[in-house]
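# Coordinates in review
Spelled out, the chains give:
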Amino acid sequence: MGINFRKETFRDDFSFRNSPEQIRRFPFPFHEDSYMYAVNIEPHTPGPKNTVFEHLIDVDEHYISEMEDRALVLAEDPLRCQSLPHMTLAGWDLLELLMTQKAESYPEHFSLTRDGDNWHWINRPLGIDDRFTFGDVSTLPYGPMAYITRQSQGDFCVLDQRDGNLWMDAGIVTTQADWSLDFDIGMNFFEWHAPVPLAHDMGIFNRALKFLTNIQQGQPARRFNWTMTINPRLDTSPENYHKWGVDRTTVTPENVGQKVHLRVELQTFWRLPRSNALVFPIRCYLIKMDELVTSPKWARRFHRVLRDLPNELAEYKGLTRYRQTVVEWLSQYDDGAPTSSGFGPD
Amino acid sequence: MTAKTILSRPVYGTLSPQPGRNHLFVADAEGAAAILDMAKATPEGFFADAHIMFVPDDTGTNYVEAVKSLQPARFYQGPTIAAALPRLRQTLATAHMGLRIYLAGSEGLIGQAMQAAMEAGFDPSSIQTEHRGSLARRVQCVHCKGITENVTTQPVTCSHCGLLLLVRDHYSRRLAAFQGVCINAEDPTESPQAEEIFR
């Protein structure tokens, strides 16, 4: 049985919503009733059916519409996709990873046939049927990273590893939580994380870097991050902040349920075989407050997390203007009962 | 001295003579004083094969004769950093192995010369830097990508698109610029008073 792809938008009329099945598989990121930074990295292994971990590269009902939104962003601002000259090989590695994962996990939607370097790729949801020579950039309509990530949900950072550090030397970033690839490209791990409050002094980045530089091929890892977004807008870039920033002032007690979204990033980390680069897909999942509270446990827990979040984190995540309104709205779903441990909806 | 801020921002040191024969100095304004201070501790003949590029900016003729008296093999005086950059790039592109680079003066000068050196393949950690004088910043507008030079106020109006920008401490060596982000995006009626804080 294939995926029932939705036709929807992430801008203008914002017709995005989750089906009941998609709500149940939402990757709720809080395993307890409070949140603070941690090096919350774990092995990225296949998980139970009907979760976002069922396959290592998740394709869901928003796939086609997210790819249409990405194409619109890139047409408007090509600087969202950049690759420094030494990163082309890593781009081919990434193309191989995504094509093989998709074709194995979703054979009804994707197929890859390889005869030496002669590859044949079929992407049925997007109507793509291309033959190309692996390693020969002239046989694809875009560079290898751009080509395959225009067909893959989530942002992708491709990190070169040298001098005991990781360098943000290539990427495609159209669904970001307020950071600029164009500004950060070429930076090392500490530099591009420099604006993050508190975590440096907690030693988070030193430990994370140590872990990431030791990731082995075939042993990917994952972690969650989260923020909130007003309206189901994927492109919350700093580039367009002067256009969408005003959304943050539009939250009222009446519209919280539809307008306010929890935005969860599932970040995974993969060693690439030829280039020894790391690829870091940042997959974004959105859920409306009305959808979230269909799980009583999630409603109680998210109320407590948001209410007790340290002010510095709320400020950094850009929640300050509407946090109180959302906390009050969520409080009607929190009877004070204890929540069970773990991520699931009960 | 610049206060310690965040990890993307370069840390500057104090110029010190490096082993080797070929030395390239690039300085603006008060940066000349850093070269002169370093020269007090250099061995005999240190400047015999040196190349000094100097943009006096608002220091006028204050330092020019003193720098010339170091008797470098080549001395260049430029009217602005922008005017000096093509010459710098050509110098770096044709440099011999073992060239030692010293940058002194404003953050804008150090940043742009560092950018040119990185593009020519020099390792930034091998380059001597010393900050002197103005704290004025080069700022890239994250929205229109235009760079506004010599920013001394917080916030500042982008000289390209006109948005009112918060000047962040987040710094890109590749762009040799700090990041500017619209300060009143969430409420365009807010218009914070500009204060002169990067002098």
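Please read these numbers as outputs of a predicted model, since none were measured by experiment. As a convention, each chain's residues are numbered from 1 in the sequence order in which they are written. Throughout, the order in which chains and ligands are written sets their labels, letters from A for the former and numbers from 1 for the latter. For this predicted model, a pLDDT threshold of at least 70 governs which residues receive local features, and a threshold of 80 or more governs which side-chain atom pairs are given and counted, while totals over whole chains, interfaces and linings are taken from all residues. Water and hydrogen atoms were dropped before computing side-chain values, which therefore reflect all heavy atoms in the structure.

Moving on to the overall build of chain A. The helix and strand inventory of chain A stands at 13 helices and ten strands. In this setup the radius of gyration rests on C-alpha atoms only. A globule is expected at 2.2 Å times the number of residues raised to 0.38. For chain A, whose C-alpha radius of gyration is 20 Å, the value lies close to the compact-globule estimate of 20 Å for 346 residues. Along the longest, intermediate and shortest principal axes, the C-alpha atoms of chain A span 60 × 45 × 40 Å. The burial tally for chain A puts 60% of its 346 residues in the buried class. Should any heavy atoms of two residues lie within 4.5 Å, those residues are considered in contact. For chain A, the proportion of contacts with a sequence separation of at least 24, taken over those separated by at least 6, is 72%. All accessibility values rest on the Shrake-Rupley procedure with a 1.4 Å probe; residue burial counts only the protein chains present in the view. On chain A, roughly 14,200 Å² of surface is accessible, and the fraction owed to carbon and sulfur atoms is 51%. The positive charge centre, built from 36 side chains, and the negative charge centre, built from 48, are 3 Å apart in chain A. Numbering of helices and strands runs from the N terminus; a helix is a DSSP stretch of H or I covering at least four residues, while a strand is a stretch of E covering at least two. Categorising residues by exposure relies on relative accessible area from a 1.4 Å probe, with only protein chains included: less than 20% of the type maximum marks a residue as buried, more than 50% marks it as exposed, and the intermediate range marks it as partly exposed. Charge counting follows a simple rule: Lys and Arg are positive, Asp and Glu are negative, and His as well as the terminal groups are ignored. A charged residue contributes its charge at one atom only: NZ of Lys, CZ of Arg, CG of Asp or CD of Glu.

The next point concerns the overall build of chain B. Scanning chain B for helices and strands turns up four helices and twelve strands. A compact globule built from 199 residues should have a C-alpha radius of gyration of about 16 Å, and chain B, at 18 Å, falls within 12% of that. Structurally, chain B occupies a C-alpha span of about 60 × 35 × 30 Å along its principal axes. Once local pairs closer than 6 in sequence are excluded, the contacts in chain B between residues at least 24 apart make up 64%. Here chain B has roughly 9,400 Å² of accessible surface; of this, 51% comes from carbon and sulfur atoms.

Residue and element names in this part refer to chain A. Along strand β10 (residues 278–288), eleven of the eleven residues are buried, which leaves the element largely enclosed by surrounding structure. Taking every second residue as pointing to the same face, both faces of β10 are buried, with Leu278, Phe280, Ile282, Cys284, Leu286 and Lys288 on one and Val279, Pro281, Arg283, Tyr285 and Ile287 on the other. Should DSSP find at least two bridges between two strands, the strands are taken to pair. Here five bridges tie strand β6 (residues 155–162) to β10, and the two strands are oriented antiparallel to one another. By the bridge assignment, Cys157 is partnered in β10 with Phe280. Of the strand pairs in this sheet, strand β9 (residues 260–271) and β10 are connected by nine bridges, and their pairing is antiparallel. For Val264, the partnering residue across the bridge sits in β10 and is Tyr285. Linking two consecutive strands that pair antiparallel, namely β9 and β10, is a turn of six residues; a positive phi of about 60° is found at Asn276 within it.

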